[in-house]
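# Residue-level structural notes
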Amino acid sequence: MNQDSGTLPGRITAVFRSLTLAQKVTVIGATALTVIAIYALVQWASAPDMVPLFSNLPPDDAGKITTWLEENAIEYELEQGGTRILVPRKHQYESRIQLAQEGLPSQRSTGYEIFDETNLGMSEFVQKLNFRRALEGELSRTVSSLDEVDNARVCTS
């Protein structure tokens, strides 16, 4: 018997030597998978909490905003085909304020996305008002998308 078999490393070595090849491969594989899983968990947990900076952006505004974020070394992610920009939570409000000072995003109307947030206590009057605002916003966006039109505002009566 080995003289250091009384210590923990000696015991582990003795047990490992007594294993068959298949058992050794299994132990090494399980250990490697455990290390990889722990590493992945640490990476995931340390990733910044990304929150929306702006959503439903026209492409020109999205381009200007991402350029500004790159110039200011702020990490960002794009979603929904580039119309939604996510930033780390700690930069969300400061970035919005600074971008607003620069006129970004350009003044845009709210469309049907107004109904994305459900409010169960909403009265019928507020629902009708929101529908009207959404319709005006969608019409305004549609008219503004024409090449001949720079900007449009629609008011229904």
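Figured I'd write up the structure that's included with this text.

So, how was this worked out
- Residues numbered from 1 in each chain as written.
- Predicted model: local features only at pLDDT ≥ 70, side-chain atom pairs only at ≥ 80, totals over all residues.
- Heavy atoms only, no water.
- Helix = DSSP H or I, 4+ residues; strand = E, 2+ residues; numbered from the N terminus.
- Rg over C-alpha atoms; globule rule 2.2 N^0.38 Å.
- Buried < 20%, exposed > 50% of the residue type's maximum accessible area, 1.4 Å probe, protein only.
- Contact = heavy atoms within 4.5 Å.
- Pairing = 2+ DSSP bridges.
- Salt bridge = Lys/Arg side-chain N within 4 Å of Asp/Glu carboxyl O.
- Axes fitted to C-alpha atoms, helices over the stretch in contact; angles between N-to-C directions.

## Some remarks on the overall build of the protein
When helices and strands are counted, the protein shows 5 helices and 3 strands. The order of helices and strands in the protein, counted from the N terminus, is α-α-β-α-β-β-α-α. Against the 2.2 N^0.38 benchmark of 15 Å for 157 residues, the protein shows a C-alpha radius of gyration of 29 Å, more extended than a compact globule. Once the C-alpha set of the protein is aligned to its principal axes, its extents read approximately 95 × 40 × 30 Å. Counting across all 157 residues of the protein, residues that qualify as buried make up 21%. Pairs at least 24 apart in sequence give 55% of the contacts found in the protein among residues at least 6 apart.

## A look at the pairing of strand β1 (residues 50-54)
Taken across its 5 residues, β1 has 4 buried, putting it largely inside the fold. Summarising the sheet, β1 and strand β3 (residues 84-88) pair through 4 bridges and their orientation is antiparallel. Bridge assignment links M50 to a residue of β3, and that residue is P88.

## Describing the side chain of N130
Mapped onto the secondary structure, N130 falls in helix α5 (residues 124-144). Given a relative accessible area of 10%, N130 falls into the buried group. In this structure, N130 is in contact with I114, F115 and M122, ignoring residues within four places of it in sequence.

## Here we look at the environment of L19
Position of L19 relative to the elements: it lies in the loop between α1 (8-18) and α2 (21-46). For the pair L19 and E102, spaced 83 residues apart in sequence, the C-alpha separation works out to 68 Å. The residues contacting L19, other than those within four sequence positions of it, are K24 and V27.

## Remarks on the pattern of salt bridges
Applying the stated criterion to the full structure yields 4 salt bridges. In this structure, R132 and E136 form a salt bridge, with 3.3 Å as the shortest nitrogen-oxygen distance. On the criterion of helical spacing, the pair formed by R132 and E136 is a turn pair, its members being 4 residues apart in helix α5. You can call E136 buried: its relative accessible area is 16%.

## Section: the sheet that holds β1
Spatial strand order, β1-β3-β2: 3 strands in an open sheet with antiparallel pairing. What marks the edges here is a single partner per strand, and that holds for β1 and β2 (77-79). The average undirected angle you get between the axes of adjacent strands in this sheet is 40°. Packed onto the sheet, helix α3 (residues 59-71) meets β1, β2 and β3 and runs at close to 20° relative to β3. Against the sheet, helix α4 (residues 92-101) contacts β1 and β3, and its axis sits at roughly 15° relative to β1.

## Description of unusual backbone geometry
The residue after L104, namely P105, is reached through a cis peptide bond having omega -10°. Following the sequence through the fold, P105 ends up in the loop between α4 and α5. Backbone geometry places A73, a non-glycine residue, at a positive phi of 55°. Structurally, A73 is set in the loop between α3 and β2. In this structure, Q80 is a non-glycine residue whose phi angle is positive, near 50°. As for its placement among the helices and strands, Q80 is situated in the loop between β2 and β3. Owing to a relative accessible area of 49%, Q80 belongs among the partly exposed residues under this scheme.

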